[in-house]
Amino acid sequence: MKVYSIKEVLNTYSKQCDGGELMLKHIICFSYGQRMSYFNTIKYVTEEKLDVIKKNLELCNQIGMQSHIFDFKEFCGDLYPTRNSVFLPKLTTETLVNAAVKDGKLTPSSELLDLCTGSGCVPITISKATGCHADAYDIREEAVALAQENCKNLGGNVDFGVFDVLTDWDKTLTKKYDVITANPPYWSLEDVKNNKKLAETSLTNDFMGGEDGLLFVRRIIEEVPKFLKPGGIFFLEFSNRQFKIVKQLLKKRYKNFKVYYDYRNLPKVIKAVKK
């Protein structure tokens, strides 16, 4: 049976993958039923396995989410089980985690708040990397239950709860935090129309941020300073199409901005310090 070097596979198929070489590496590992750390052990790919990789690559390009192909999703080296009712980790959101770990100045005595937590991947990963304690919230009980399960299995230091970022701030939050992270829904109506395949195979409500995509973003930007300690840091994930608007909204209440780019080299996360 013919075999191909892993270098040949990357050179041949990276340009065919919507997410480039990094996404292709994930697809290759998933095709073996392994996490990303397994990649360096792969030297050669059989013709049979290459057929599996090509099939998964095609599915990933069509659907846009690995979680619809595999029964788990890798995020920052950990595996998160799929649930139809819960929005799963995205590769782009690793940018949010990396920014907070690198520039959040978090220590074991720090307090982190994560909003719109979904599977809990952001606070779980940050708490493991820095030793800090985190509170994390999502609007749906199903998401909170799964996040609690993930935290127990992966060894995070996070307390989870149900919270609506449009209404529940003063009713739920009782303390101030060193760092607040947020990855709210930020798709506009136009985004949904332009991504019908992804919308049809995903929880559209987890993407949809109102007509212009900024319904939750605006509310979070407005409320977050009340719950940050003096000099506290806010990390926000957003759509690259909203970059200029988001930065303008932040200028009223924050300073010292820093922008982080995702694996596609698109602006994805912004750091802002409370004035």
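Going by the structure above, here's the rest.
Description of the structure in this document. (Residues numbered from 1 in each chain as written. Predicted model: local features only at pLDDT ≥ 70, side-chain atom pairs only at ≥ 80, totals over all residues. Heavy atoms only, no water.)

Attention now goes to the overall build of the protein. Counting its regular elements, the protein contains 12 helices and 11 strands. Burial analysis of the protein (275 residues in total) assigns 55% to the buried set. For the protein, the share of sequence-separated contacts (at least 6 apart) that also reach a separation of at least 24 residues comes to 64%. Here the protein displays about 13,100 Å² of accessible surface, and carbon together with sulfur accounts for 48% of that area. (Helix = DSSP H or I, 4+ residues; strand = E, 2+ residues; numbered from the N terminus. Buried < 20%, exposed > 50% of the residue type's maximum accessible area, 1.4 Å probe, protein only. Contact = heavy atoms within 4.5 Å. Areas by Shrake-Rupley, 256 points an atom, 1.4 Å probe, with all protein chains shown as cover.)

What follows deals with the pairing of strand S10 (residues 254-261). On a regular strand, each side chain points to the face opposite its neighbour's, so the side chains alternate between the two faces of the sheet. The pairing of S10 with strand S11 (residues 267-274) spans six bridges and is classified as antiparallel. Along S11, the bridge assignment pairs Tyr260 with Val269. Counting the residues between successive antiparallel strands, the hairpin from S10 to S11 contains five residues, one of them, Asn265, with a positive phi of roughly 65 degrees. (Pairing = 2+ DSSP bridges.)

Let us look at the side chain of Asp262. Among the structural elements, Asp262 can be located in the loop between S10 and S11. Since its relative accessible area comes to 6%, Asp262 is described here as buried. A polar contact is formed between the side chain of Asp262 and the side chain of Arg264, at a distance of 2.6 Å. (Polar contact = N/O pair within 3.5 Å; in protein donor to acceptor, adjacent residues only side chain to side chain.)

Our focus in this paragraph is the packing of helix H1 (residues 6-13) against helix H2 (residues 20-31). Two elements in contact, H1 and H2, have axes separated by 10 Å at closest approach and are oriented at 130 degrees. When the axes of H1 and H2 are compared, the pair comes out oblique. Relative to H2, H1 is oriented so that their crossing is right-handed. Contacts between H1 and H2 involve Ile6, Val9, Leu10 and Tyr13 from the former and Glu21, Leu24, Lys25 and Ile28 from the latter. Of the residues that constitute the contact of H1 with H2, the class distribution is six nonpolar, no polar and two charged. (Axes fitted to C-alpha atoms, helices over the stretch in contact; angles between N-to-C directions. Parallel < 35°, antiparallel > 145°, perpendicular 65-115°, else oblique. Left-handed = near helix turned anticlockwise from the far one by under 90°. Nonpolar A, V, L, I, M, F, W, Y, C, P; charged D, E, K, R; others polar.)

Think of a pair of aromatic rings as described by two things: how far the centres are apart, and how the planes are tilted against each other in angle. By the definition in use, this model includes eight aromatic pairs. Ring geometry for Phe75 versus Tyr80: centroids 6.4 Å apart, planes at 85 degrees, classification edge-to-face. Residue class for Phe75 comes out buried when judged on its relative accessible area of 0%. What makes Tyr80 buried here is its relative accessible area of 0%. (Phe/Tyr/Trp six-rings, centres within 6.5 Å; stacked < 30°, edge-to-face > 60°.)

A few words on the pattern of salt bridges. Pairing between side chains of opposite charge can happen when the charged atoms of each approach one another. Enumeration according to the criterion identifies 12 salt bridges in this entry. The residue Lys90 makes a salt bridge to Glu237 at a minimum N-O spacing of 3.7 Å. Of this pair, Lys90 sits in the loop between strand S4 (78-81) and helix H4 (94-103) while Glu237 sits in strand S9 (residues 228-237), and the two are 147 residues apart along the sequence. The exposure classification of Lys90 matches that of Glu237, with both residues buried. The residue Lys171 makes a salt bridge to Asp168 at a minimum N-O spacing of 3.2 Å. By relative accessible area, Asp168 is classed as buried at 15%. One connected set of salt bridges, linked through shared partners, spans Arg219, Glu222, Glu223 and Lys226. (Salt bridge = Lys/Arg side-chain N within 4 Å of Asp/Glu carboxyl O.)

Before going further, it helps to examine the pairing of strand S7 (residues 158-162). For strand S6 (residues 133-138) and S7, the ladder comprises five bridges, and the chain directions are parallel. The residue of S7 that forms the bridge with Asp135 is Asp159. In this fold, the crossover linking S6 to S7 by way of helix H6 (residues 141-154) has right-handed handedness. (Right-handed = clockwise from strand over helix to strand, strands pointing away.)

This part takes up unusual backbone geometry. Even without being glycine, Cys116 reaches a positive phi, approximately 60 degrees. Structurally, the position occupied by Cys116 is in the loop between strand S5 (111-115) and helix H5 (121-130). The phi dihedral of Asn265 is positive, around 65 degrees, even though this residue is not glycine. By the element assignment, Asn265 lies in the loop between S10 and S11. Of the residues examined, Asn265 reaches a relative accessible area of 59% and is grouped as exposed.

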